[in-house]
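Letter by letter, the chains look like this.
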Amino acid sequence: MLINEIVEFCNSEYRNADTTHLCHDCNHPSECSGSCKICLEQVHYPSKYPNGKKDYDCENMINFYVCDYINKYASEMLYLLRKSEKLKEIEEYHILSIGCGAAPDLMAFEQYAHEADDIKDIRYFGVDVNPRWRMIHDRIMAYNSIFINHVEFDYKDAIKYFNEESIIDTNVIVLQYVISHFYNTGQIGIVRQFFSDLIKNVVETRKKDDPFIIIINDVNSCNRGRNFFEDLVEALKSHNYHGRCECYYFDYRIKNDFQKYGEKHPSNDTLFDLSEYDLEIYEPWRDCSSAQMLIEIE
């Protein structure tokens, strides 16, 4: 499976790199701790670390990130895919993944297709502003699968991209940890315009005979942008798009009722067995923790 291919690659790259002390040509904005785990925390919680790392701008950190997070993110996505009825009606998946990173959503789709009774092709277009993902994307594009028919990546700012460009024939949009990234990078104020551009340049040019699915998977906190999920639903309604909208959450360290976002998933457990790769040095996530929205447009 694709997730095994990428984890094996990133684990090998990280273990064979000089990661026992500071990376060569370290680009940390202040003082690097020498720990990719700490650098990742700085990226994910910028308000807590104002002088810390701001982005995934180091290959060692990216390889570490994949081994730490990929099972969590791909599992969260797979739990949600299994909830969709309309997804079963689509004959060929044309997926647009915004802020795709290492493409955990594609890994989830491959597993979902593997579990189905019939073989359906997956065509995947990932957009990410960070070209450092290219080393992983090259491996993904070289990967052979009976389910994954075509994969393409583009390295552009999604906000500008969908303000200027149209994507035709999409039937699935994935926003995975994108809204929280807007929040972390001080761009949350333009998320409503981003939604409007996405509707104009992707939803309105969709495959007309297919159902249309929008998937949001992100941090379960209104302090990190979850309150903007509903804005996308309202933007769709204002353009006369209607359908089913369901919310889900994982019962992971829930601190208040606001985090009980819709229906609770039956388990938090990650779904992919990666035990053969000896990932303990990364202390990988073993629980899912996100909030999710599934929008199915008629």
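Refer to the preceding data block for the structure.
Notes on the structure follow. From a predicted model like this one, the values you see are computed outputs, not experimental measurements.

**Remarks on unusual backbone geometry**
Positive phi is not limited to glycine here, since Ala103 has a value of about 65 degrees. Turning to its location among the elements, Ala103 is positioned in the loop between strand 1 (92-98) and helix 4 (104-115). Relative accessible area serves as the criterion here: at 0%, Ala103 is assigned to the buried category. Positive phi is not limited to glycine here, since Arg253 has a value of about 50 degrees. On the secondary structure map, Arg253 appears in the loop between strand 6 (243-249) and strand 7 (263-264). Here Arg253 falls in the exposed class, since its relative accessible area comes to 66%.

**Thoughts on the environment of Gly262**
You can see Gly262 is positioned in the loop between strand 6 and strand 7. Taking relative accessible area as the criterion, Gly262 reaches 54% and is therefore assigned exposed. For the pair Gly262 and Glu165, spaced 97 residues apart in sequence, the C-alpha to C-alpha distance is 34 Å. Non-local contacts of Gly262, meaning those with residues more than four positions away in its chain, are made with Cys247 and Tyr249.

**Observations concerning the environment of Arg139**
Examined against the element boundaries, Arg139 turns out to sit in helix 5 (residues 134-142). Exposure remark for Arg139: the relative accessible area of 34% places this residue in the partly exposed category.

**What about the pattern of salt bridges?**
Charged atoms that come close allow side chains of opposite charge to pair. The tally for this structure, following the rule as stated, stands at 18 salt bridges. Linking Glu298 and Lys86 is a salt bridge whose minimum nitrogen-to-oxygen distance equals 3.2 Å. Separated by 212 residues along the polypeptide, Glu298 in the segment after strand 8 (291-297) and Lys86 in the loop between helix 3 (59-81) and strand 1 bring together distant segments of the chain. Of the charged contacts, one joins Lys260 and Asp257 as a salt bridge, the two residues approaching to 3.5 Å between their closest N and O atoms.

**What about the sheet that holds strand 3 (residues 148-154)?**
With mixed pairing, eight strands are arranged side by side in an open sheet as 3-2-1-4-5-8-6-7. The strands lining the two open edges of the sheet, one partner per strand, are strand 3 and strand 7. Sitting on the sheet, helix 4 is in contact with strand 1, strand 2 (121-127), strand 3 and strand 4 (172-176), with an inclination near 170 degrees to strand 2.

Thresholds applied
- Residues numbered from 1 in each chain as written.
- Predicted model: local features only at pLDDT ≥ 70, side-chain atom pairs only at ≥ 80, totals over all residues.
- Heavy atoms only, no water.
- Helix = DSSP H or I, 4+ residues; strand = E, 2+ residues; numbered from the N terminus.
- Buried < 20%, exposed > 50% of the residue type's maximum accessible area, 1.4 Å probe, protein only.
- Contact = heavy atoms within 4.5 Å.
- Salt bridge = Lys/Arg side-chain N within 4 Å of Asp/Glu carboxyl O.
- Pairing = 2+ DSSP bridges.
- Axes fitted to C-alpha atoms, helices over the stretch in contact; angles between N-to-C directions.

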